[in-house]
Amino acid sequence: MSSNLRTFCAALGAGKKAVFFQFDWKAQRWNLIVALGAVVGGYIAANFLSVSTAVAISESTISQLNLLGIQDAGKAYMPASLFDMAALSSPKSYFILALGGFFVGFGARYAGGCTSGHAISGLSNFQLPSLIAVIGFFIGGLFVNHFLLPYLL
Amino acid sequence: MRSIVYFSIGILFGITMFKSEVASWFRIYEMFQFKSFHMYGVIGSALSCGAIITFFLKKLKVKSILDGKEIVIEDKARGWKRYLLGGLFFGFGWAISGACPGPMFTSLGAGFSPILVVIAAATLGTFCYGLIQKHLPH
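Residues numbered from 1 in each chain as written. Chains lettered and ligands numbered in written order. Predicted model: local features only at pLDDT ≥ 70, side-chain atom pairs only at ≥ 80, totals over all residues.

## Some points on the overall build of chain A
Stage number 1. From N to C terminus, chain A includes 7 helices and 0 strands.
Stage number 2. Ordered by position from the N terminus, the helices and strands of chain A form the series α-α-α-α-α-α-α.
Stage number 3. When its C-alpha atoms are laid out on the principal axes, chain A stretches across 50 × 35 × 35 Å.
Stage number 4. Taking all 153 residues of chain A together, the buried fraction comes to 49%.
Stage number 5. Restricting the contact set of chain A to residue pairs at least 6 apart, pairs at least 24 apart contribute 33%. (Helix = DSSP H or I, 4+ residues; strand = E, 2+ residues; numbered from the N terminus. Buried ≥ 20, exposed ≤ 12 C-beta atoms within 10 Å, placed from the backbone. Contact = placed C-beta atoms within 7 Å.)

Written out as structure tokens, the structure reads:
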């Protein structure tokens, strides 16, 4: 899925700045169509296939998030402080979303794949590089989750 | 015809990402806290199905219904630096934004508009990788 981000860059003219984006991005049209389908699928699932979208995370996670100031843990699909429209008027929320997104995009291309490319397809095909990448995902994620997020949220 | 197949796969993928709750920031947070089996169950079952399907695709030399050619899955390039270092960066972002590149699109469709900031920043991150690629260890 993350190759679509590279396609976005190429379509926006990034090929003028770096050879990495000099490829026939129109040949990636199929992947963009899959991504568009994922948008529509999200709309269908949220609006027509769900009675409640609250995510039933564990009690201990809920109390922990409450302590970090996230009061809607266990009651919503996403924390309102980051993903409600109102979050767009908070510089802090902007910063968290942008920081996270930047690393996801940078890391996915550096590692040559994301959760779908390495953790699912790569490991399904018993690729050692994918195992190394997934170990990297978890070392990075665990570090941030335990040592950075408590100060960031 | 082909576009309809791809679009349908995308819709199915999107519904699965939303309903399995892997597009939820809360589930990603919980996963990194090891407080629930949920995410490991979803990834584990996807992986089990994937491994079985990949095995038979290769074993039976299955041909694509789209172009009639045999489906070939290329091996990943050898090495470890780019995978470990890139993976670390990806993990940082995954834990902060609670979104990986597939579910980002699902969340957009589900109406969480601020995810656009994540998608834009991820595109910028991809662009920055392209700019400094030559200077990074791979």
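## Some thoughts on the interface of chain A and chain B
Stage number 1. Listed per partner, the contact involves 88 residues of chain A and 86 residues of chain B.
Stage number 2. Of all the secondary structure elements, the ones that give two or more residues to the side of chain A that touches chain B are α1 (3-11), α2 (29-48), α3 (59-67), α4 (80-83), α5 (91-111), α6 (115-124) and α7 (128-152) of chain A.
Stage number 3. Sorting elements by how many residues they give to the side of chain A that touches chain B places α5(A) first, with 18 residues.

## Notes on the environment of B:L124
Stage number 1. Tracing the backbone shows B:L124 in helix α6 (residues 115-132).
Stage number 2. With 18 C-beta atoms packed within 10 Å, B:L124 lands in the partly exposed category.
Stage number 3. Apart from the residues within four sequence positions on either side, B:L124 is in contact with A:F102 and A:G105.

## Comments concerning the nonpolar core
Stage number 1. Residues A:F103, B:F90 and B:V118 are the most contacted members of the largest nonpolar core, which totals 82 residues.
Stage number 2. No other element matches α5(A), which puts 10 residues into this core.
Stage number 3. Residues within four places of A:F103 in sequence aside, it is in contact with B:F89, B:F90, B:F92, B:G93, B:I96 and B:G125. (Core = buried A, V, L, I, M, F, W, Y, C linked by C-beta atoms within 7 Å.)

## Comments concerning unusual backbone geometry
Residues and elements named next belong to chain B.
Stage number 1. In this structure, E21 is a non-glycine residue whose phi angle is positive, near 70°.
Stage number 2. Within the element layout of this structure, E21 appears in the loop between α1 (2-19) and α2 (25-32).
Stage number 3. On the basis of neighbour count, E21 is assigned to the buried category, with 20 C-beta atoms found within 10 Å.
Stage number 4. Although it is not a glycine, F34 sits at a positive phi angle of roughly 55°.
Stage number 5. Here F34 lies in the loop between α2 and α3 (38-59).

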